[in-house]
Amino acid sequence: MNAILVASNRGPVSFTLSEGGSLSMRRGGGGLVSGLSEVAKDLGALWVCAALSDGDRGAVRLAPGGRLDQAGYDTGALRMLDIPPATFHRAYNAVANSTLWFVHHLLYDTPNRPHFDARFRREWESYQAYNEAFAMALAEEAPHGARVMVQDYHLSLVPAMLRGERPDLRVAHFSHTPWAPPEYFSLLPDDVAAEVLEGILGADHAGFLTARWGGAFMDCCETVLGARVERASRTVTHEGRTIRIGTHSLGVDGKALWARASEPDVESHMAALRAQVGDRRLIVRIDRTELSKNIVRGLAAYREFLSAHPEWHGRVTHLAFAYPSRHDLPEYREYTAAVQRCAKEIEDEYATEDWDPLILNVDDDYPRSLAAYRLADVLLVNPIRDGMNLVAKEGPILSPGSALVLSREAGAAAELGEHAVTVNPYDVSATAAALHEGLTMPEAERARRGALLAGAATALPPHRWFAEQLDALG
Ligand code: G6P
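What you are looking at is a predicted structure, and each value in this text was computed from that prediction instead of being measured. (Residues numbered from 1 in each chain as written. Predicted model: local features only at pLDDT ≥ 70, side-chain atom pairs only at ≥ 80, totals over all residues. Heavy atoms only, no water.)

A. Geometry of the overall build of the protein chain. Within the protein chain one finds 18 helices and 17 strands. For 474 residues, the compact-globule estimate of 2.2 N^0.38 gives 23 Å, and the C-alpha radius of gyration of the protein chain, at 22 Å, lies within 12% of that figure. Taking the principal axes of the C-alpha coordinates as reference, the protein chain spans close to 65 × 55 × 45 Å. Burial statistics for the protein chain: of 474 residues in total, 57% are counted as buried. Long-range pairs, those at least 24 residues apart, make up 75% of the contacts in the protein chain between residues at least 6 apart in sequence. Looking at the protein chain as shown, the accessible area adds up to about 18700 Å², and 51% of this sits on carbon and sulfur atoms. (Helix = DSSP H or I, 4+ residues; strand = E, 2+ residues; numbered from the N terminus. Rg over C-alpha atoms; globule rule 2.2 N^0.38 Å. Buried < 20%, exposed > 50% of the residue type's maximum accessible area, 1.4 Å probe, protein only. Contact = heavy atoms within 4.5 Å. Areas by Shrake-Rupley, 256 points an atom, 1.4 Å probe, with all protein chains shown as cover.)

B. The arrangement of the state of the cysteines in detail. For the coordinates displayed, the defined rule picks out zero disulfides. Considering cysteine sulfurs only, Cys221 is the nearest to Cys220, which forms no disulfide, with 7.1 Å between them. (Disulfide = S-S within 2.5 Å.)

C. Representation of the pattern of salt bridges. Counted according to the given criterion, the structure contains 33 salt bridges. Here Asp69 and Arg67 are joined by a salt bridge, their closest N and O atoms 3.0 Å apart. The closest approach of N and O atoms between Lys293 and Asp386, which form a salt bridge, is 2.9 Å. Highlighted residues: Lys293 in the loop between strand S12 (281-288) and helix H11 (295-308) and Asp386 in the loop between strand S15 (378-381) and helix H14 (391-398), separated in sequence by 93 residues. When its relative accessible area of 11% is taken as the criterion, Lys293 is described as buried. Salt bridges sharing common partners tie together Arg67, Asp69, Arg79, Glu140 and Glu141. (Salt bridge = Lys/Arg side-chain N within 4 Å of Asp/Glu carboxyl O.)

D. Structural detail: the domain arrangement of the protein chain. Taken as a whole, the protein chain is organised into domain 1 (4-250 + 463-472) and domain 2 (254-457). Each of domain 1 and domain 2 has a C-alpha centre, and the two are 30 Å apart. Contacts between domain 1 and domain 2 engage 26 residues on the former and 22 residues on the latter. Seen at the junction of domain 1 and domain 2, the total is two salt bridges. Run the count over domain 1 and domain 2 and you get nine residue pairs in polar contact (both at pLDDT 80 or more). Of all elements in the fold, only helix H3 (85-104) and helix H8 (211-225) reach the threshold of two or more residues within the side of domain 1 that touches domain 2. Here the side of domain 1 that touches domain 2 takes seven residues from H3, the largest share from any one element. Residues belonging to the side of domain 1 that touches domain 2 are distributed by class as follows: 13 nonpolar, ten polar and three charged. (Domains from an automatic or database assignment. Polar contact = N/O pair within 3.5 Å; in protein donor to acceptor, adjacent residues only side chain to side chain. Nonpolar A, V, L, I, M, F, W, Y, C, P; charged D, E, K, R; others polar.)

E. Region of interest: helix H12 (residues 330-350). Across its 21 residues, H12 extends 31 Å between first and last C-alpha, which sits within 8% of the 30 Å expected from 1.5 Å per residue. Among all positions of H12, only Tyr332, Tyr335, Thr336, Ala338, Val339, Cys342, Ala343, Ile346 and Tyr350 are buried. Summarising the axial view, the buried residues of H12 lie within an arc of 160 degrees, below the 170-degree limit, and thus occupy one face. Looking at H12, the residues exposed on the side facing more than 90 degrees away from the buried face are Glu334, Arg341, Lys344 and Asp348. On its buried side, H12 packs onto H3, H11 and strand S14 (358-361). (Expected span 1.5 Å × (residues − 1). Arc of directions from axis to C-beta.)

F. Representation of the sheet that holds strand S1 (residues 4-7) within the structure. The mixed open sheet is built from nine strands, whose spatial order is S5-S4-S1-S6-S7-S8-S11-S10-S9. Whereas interior strands pair on both sides, the edge strands pair on one side only; in this sheet they are strand S5 (78-81) and strand S9 (228-230). For this sheet the average axis-to-axis angle between neighbouring strands, irrespective of direction, equals 20 degrees. Along the sheet, helix H7 (residues 190-201) makes contact with strand S7 (170-174), strand S8 (205-208), strand S10 (235-238) and strand S11 (241-247), crossing S10 at roughly 110 degrees. (Pairing = 2+ DSSP bridges. Axes fitted to C-alpha atoms, helices over the stretch in contact; angles between N-to-C directions.)

G. The environment of Pro442, seen in detail. With respect to the element layout, Pro442 can be found in the loop between helix H16 (428-440) and helix H17 (443-457). Along the sequence, Pro442 and Phe116 sit 326 residues apart, while their C-alpha atoms lie 52 Å from each other.

H. Quick peek at the pairing of strand S13 (residues 316-323). Among the eight residues in S13, seven count as buried, and that is most of the element. Note: S12 against S13, eight bridges, orientation parallel. Bridging across to S13, Asp287 finds its partner in Ala322. The parallel pair S12 and S13, bridged by H11, forms a crossover whose chirality is right-handed. The pairing of S13 with S14 spans four bridges and is parallel. Note on S14: the bridge partner recorded for Phe321 is Asn361. At this point the chain moves from S13, through H12, to the parallel S14, and the crossover so formed is right-handed. (Right-handed = clockwise from strand over helix to strand, strands pointing away.)

I. Seen up close, the side chain of Asn382. The residue Asn382 is located in the loop between S15 and H14 in this model. Of note is the side chain of Asn382, whose polar atom sits 2.8 Å from the side chain of Arg285. With residues near it in sequence (within four places) discarded, Asn382 still touches Arg285, Lys293, Asn294, Arg297, Gly298, Ser407 and Pro425.

J. Just the packing of aromatic side chains, in detail. Counted according to the given criterion, the structure contains 18 aromatic pairs. Judged by centre distance (5.0 Å) and plane angle (20 degrees), the rings of Trp124 and Tyr127 are stacked. Taken together, the residues Trp124 and Tyr127, both in helix H4 (residues 118-141) and three residues apart, mark about one turn of the helix. You'll find Trp124 and Tyr127 in the same group, each marked buried. (Phe/Tyr/Trp six-rings, centres within 6.5 Å; stacked < 30°, edge-to-face > 60°.)

Shown next, in the form of structure tokens:
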């Protein structure tokens, strides 16, 4: 039996169904999954996740009790939940990604949205049902006294539901996102706001990526629930139980990253990119095409930099990798179009026969991204708001001589800000100036800062990050 369980919406693998009806499996993407996959396997943890696609559903339906490992897949212990598609869609798209994600990243255009009406109530019921399905599966699978590690905003109700079923378990919840300040969190309907907080408070330990996000969570508990908050000991007491609030700043396994980035596929992408851009200096960004990543203002800043510094024309190229994400949401499709429009404007204004000022790449190509990191002179990471941002941590490892332009609103700024060129992500002109500062920073200074950045980025690699949270459960 497994003494450690992990629960997250997205699991370590995904399946695609070919036209002929055969299934192929690939590793899942995203920061959460890449960090957790190795750890879960090494610890022999049972992972519970949701089926996200028709391919996933096809695979689950053939697996005994949804256990893909028992159906012969090399996944590590894995149970995938076949939640009815309409319920899943409302929970994942409408509540998790269009509501909770928007709240925590401050993404609403408030004159128009949010708009919590009767339809939202149905969506919220689906979110409850989806959380319930996870809680029930975990209750069924967990041996007595097991530790259960619940991940992220998709599953904020699970800890309280699980405690109701199985008070013998020790439960941790971890937020991979920022947490909203109380005045913004209170956009949520009052009962929903309370349910989210009380859901997480059902855990024994609530973990966050930075002290700032954990602090915002405590502020919300105090304001919305009237809970007793001890800021020095970082505890919240509510309805007779005391929950510890932990800070666990997920970092990167530098050795493993270097090993992957030294493989031949990455080297050949490096050669191809070099051939394409010549010896020009490179400003690199790598993101999901995600509203919170602030890609449009990043491009606008590059444009302003080109306009203010004609001496760089022909001598610099911006490699912007923005791979597809959450395309079921109209806001994301519109945003992707806005990124493409903005890129085209820069091309139209500045490109010459022998100079491409900007290369925008919208395919998900991991080895190519690793190649771009290795070639970067300046890495641009300018999110509106971000739980951590692992790009900011991976870059300095793979390109120790590059300068990092970093938003002060990224969680990573707490550890890296001192050695980066930090920016207010809304200030396009300041971001343009920061790009110039990064490009003109003397080599010795870039190397000095690079070493400090890489040290901070590897301070808490995934194995230790996870072990800290297990220890916190006793
Ligand atoms: C963020 C979330 C993760 C999520 C990832 C990718 O990093 O914190 O939980 O997996 O985005 O998003 P997706 O919706 O594609 O799983």
